[in-house]
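Each chain, letter by letter, is given below.
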Amino acid sequence: MLLNEYDFDLVIVGAGPAGSSAAFAASNEGVSVALLEKEEAVAETVRTSGVTWIADTKEFGIPESCYNPISNYSFCSPTKSVTISDNKPKAAVLDVRKTYRHLAEQAQNSGAKLFLNTNVTEIATDNNNRPIGVIAKVSESQVKFNAKMVIDCSGFQSVVVKSLGLAEQWSRFGAGAEYEVKVENVQSDTWWLMVGEEYSPAGYAWIFPVSKDTVRIGVGVGKPESDVDPTERLDKLIEEKKGPIKDLGNITKIEFHYGLIPNDGLSRKTVYDNLILVGDSAGQANPLVLEGIRYAIRFGRVAGRTAAEAIKSGDTTQKSLEGYEKIWKKAIESKIKSASKIQSRWIGLTDEEWEKELEVISELSADEFLDFIRADFSVSSIVRLATHHPKLAVRQLFNIVKGS
Ligand SMILES: Cc1cc2nc3c(=O)[nH]c(=O)nc-3n(C[C@H](O)[C@H](O)[C@H](O)COP(=O)(O)OP(=O)(O)OC[C@H]3O[C@@H](n4cnc5c(N)ncnc54)[C@H](O)[C@@H]3O)c2cc1C
């Protein structure tokens, strides 16, 4: 039963980091925005480990109370471990709920209207298959939101673009399972990335500290490369207290997280008439460690501004939205392509090869390591790095990137 109908300039589907950031930017430009979220609260279900970078959090205005700072980066394979220490923290493990709710509040404070418990099930279109609104299920009734434009921020599911028949489900993706746990011993400024067959046959496992007594332990598995179930592997690692997990002492599970993240390169077109895709729905993820929160926020803001300008100009055709795609591609396209090459190599490494890779990684300074893991490499910086590192193996690693 269609109970209600609303009119907005812009409808944004999904109140994750991409959606809230797009809503914030568009509302600041003075257009009316409906931000639709299917869950009963923003970030009710956590689907991410929440690692990001302090410089980005500062730029986005995310308060320090939203994250735990990290300054030691430990990496281990079944036979070797390396720790790269920095003199000041540059990585952050987010309190995901607090951060995502902060972003949604920012959007509301600038005028966006947040509709919770609002599950978008259909896209309203004109005769040319262009979106002109959405239909959502709210409790037992249907609500229609009319709009001049839609932004798809529904994450991996990409509900808008898939409903319109403009994209297929992602074929390559990461599946991750994680427990947030209370433990006896935490080095709260040190993360662990754990690689090799027993941790994950096509991916990695992690320990990310959230506070002085809480960490997230997780396993990510590349699909379709491996059919290992990340939850089963995670339970096994915890039960057997593998590697650095044993140093945590007694483990008490608090919460389980599970999610999927696209890893199909930047294969999707992200602008259509009346439609923009941002965040995971656009495939904007760093394939090296499968992180996308900072891209979702950064390009969410660009998308919101672009949409608002188009709406105000009265022209929401693909052509007037292309500036958004140009901006994000210029910022990350070549980096993601280079990172994909490293990731393809990493996914096939044996335990012995990982041991050698860790030797290479141990040669890096903290800044070099972070640039690397963040996929923040330009060709010139990689050439410079390769020149600074006399060891052949290090140069070869950089040459993979340089060859892009
Ligand atoms: C296991 C795992 C670990 C990860 N770890 C990291 C990490 O450490 N650091 C990092 O930066 N990134 C990480 N990521 C990736 C990161 O979570 C995503 O890149 C990021 O959340 C993308 O933001 P988004 O807003 O595009 O999508 P999402 O965060 O997925 O938000 C989408 C929102 O849309 C809502 N929604 C979906 N369908 C509908 C619908 N039909 N109607 C209304 N609302 C809907 C959802 O409920 C959700 O709130 C990880 C991902 C996984 C799976």
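Here's a quick rundown of the structure. The structure presented is a predicted model; accordingly, all values stated were derived computationally and were not measured.

### A word on the site of the ligand
Next up, step 1: By nearness alone, 39 residues border the ligand, and Gly 16, Gly 155, Gly 176, Gly 279 and Gly 292 come closest of all.
Next up, step 2: At the level of secondary structure, the elements contributing two or more residues to the shell around the ligand comprise helix H1 (17-28), strand S4 (51-53), strand S10 (118-125), strand S14 (173-183), strand S18 (251-262) and helix H6 (293-313).
Next up, step 3: Residue composition of the shell around the ligand, by class: 15 nonpolar, 17 polar and 7 charged.
Next up, step 4: Split by domain, the residues of the shell around the ligand number at least three in each of domain 1 (2-43 + 97-167 + 267-332) and domain 2 (51-96 + 171-262).

### Considerations on the sheet that holds S4
Next up, step 1: The strand order across the open sheet built from 3 strands is S4-S8-S5, with neighbouring strands paired in antiparallel fashion. One side of each edge strand has no neighbouring strand; the edge strands of this open sheet are S4 and strand S5 (67-70). Within this sheet the neighbouring strands show an average axis-to-axis angle of 35°, counted without direction.
Next up, step 2: Two elements, S4 and strand S8 (residues 91-94), share 3 bridges in a ladder whose sense is antiparallel. For Val 51, the partnering residue across the bridge sits in S8 and is Val 93.

### Some details on the pairing of strand S11 (residues 131-138)
Next up, step 1: In this sheet, S11 lies alongside S10 in antiparallel orientation, the contact comprising 7 bridges. Within S11, the residue paired with Val 120 across the bridge is Ala 136.
Next up, step 2: Counting the residues that bridge the hairpin from S10 to S11 gives 5 residues, and of these Asn 129 lies at a positive phi of roughly 60°.
Next up, step 3: Of the strand pairs in this sheet, S11 and strand S12 (residues 141-146) are connected by 6 bridges, and their pairing is antiparallel. In the strand pairing of S12, Gly 133 is matched with Asn 146.

### Description of the nonpolar core
Next up, step 1: Leu 10, Val 11, Ile 12 and Val 278 are the most contacted members of the largest nonpolar core, which totals 121 residues.
Next up, step 2: The dominant element in this core, judged by the number of residues it contributes, is H6, at 11 residues.
Next up, step 3: Here Ile 12 is in contact with Gly 19, Ala 22, Ala 23, Val 33, Leu 35, Leu 36, Ile 151 and Cys 153, once residues within four sequence places are set aside.

### With respect to unusual backbone geometry
Generally, phi is negative for residues other than glycine and the peptide bonds are trans, each holding for most cases.
Next up, step 1: Geometrically, the link from Lys 223 to Pro 224 is a cis peptide bond, its omega value of 10° lying close to zero.
Next up, step 2: Following the sequence through the fold, Pro 224 ends up in the loop between strand S17 (214-223) and helix H5 (230-240).
Next up, step 3: Phi is positive for Asn 129, which is not a glycine, with a value near 60°.
Next up, step 4: Here the phi dihedral of Ser 139 falls at roughly 50°; this positive angle occurs in a residue that is not glycine.
Next up, step 5: Secondary-structure assignment places Ser 139 in the loop between S11 and S12.

Conventions we followed
- Residues numbered from 1 in each chain as written.
- Predicted model: local features only at pLDDT ≥ 70, side-chain atom pairs only at ≥ 80, totals over all residues.
- Near = placed C-beta within 6 Å.
- Helix = DSSP H or I, 4+ residues; strand = E, 2+ residues; numbered from the N terminus.
- Nonpolar A, V, L, I, M, F, W, Y, C, P; charged D, E, K, R; others polar.
- Domains from an automatic or database assignment.
- Pairing = 2+ DSSP bridges.
- Axes fitted to C-alpha atoms, helices over the stretch in contact; angles between N-to-C directions.
- Core = buried A, V, L, I, M, F, W, Y, C linked by C-beta atoms within 7 Å.
- Buried ≥ 20, exposed ≤ 12 C-beta atoms within 10 Å, placed from the backbone.
- Contact = placed C-beta atoms within 7 Å.

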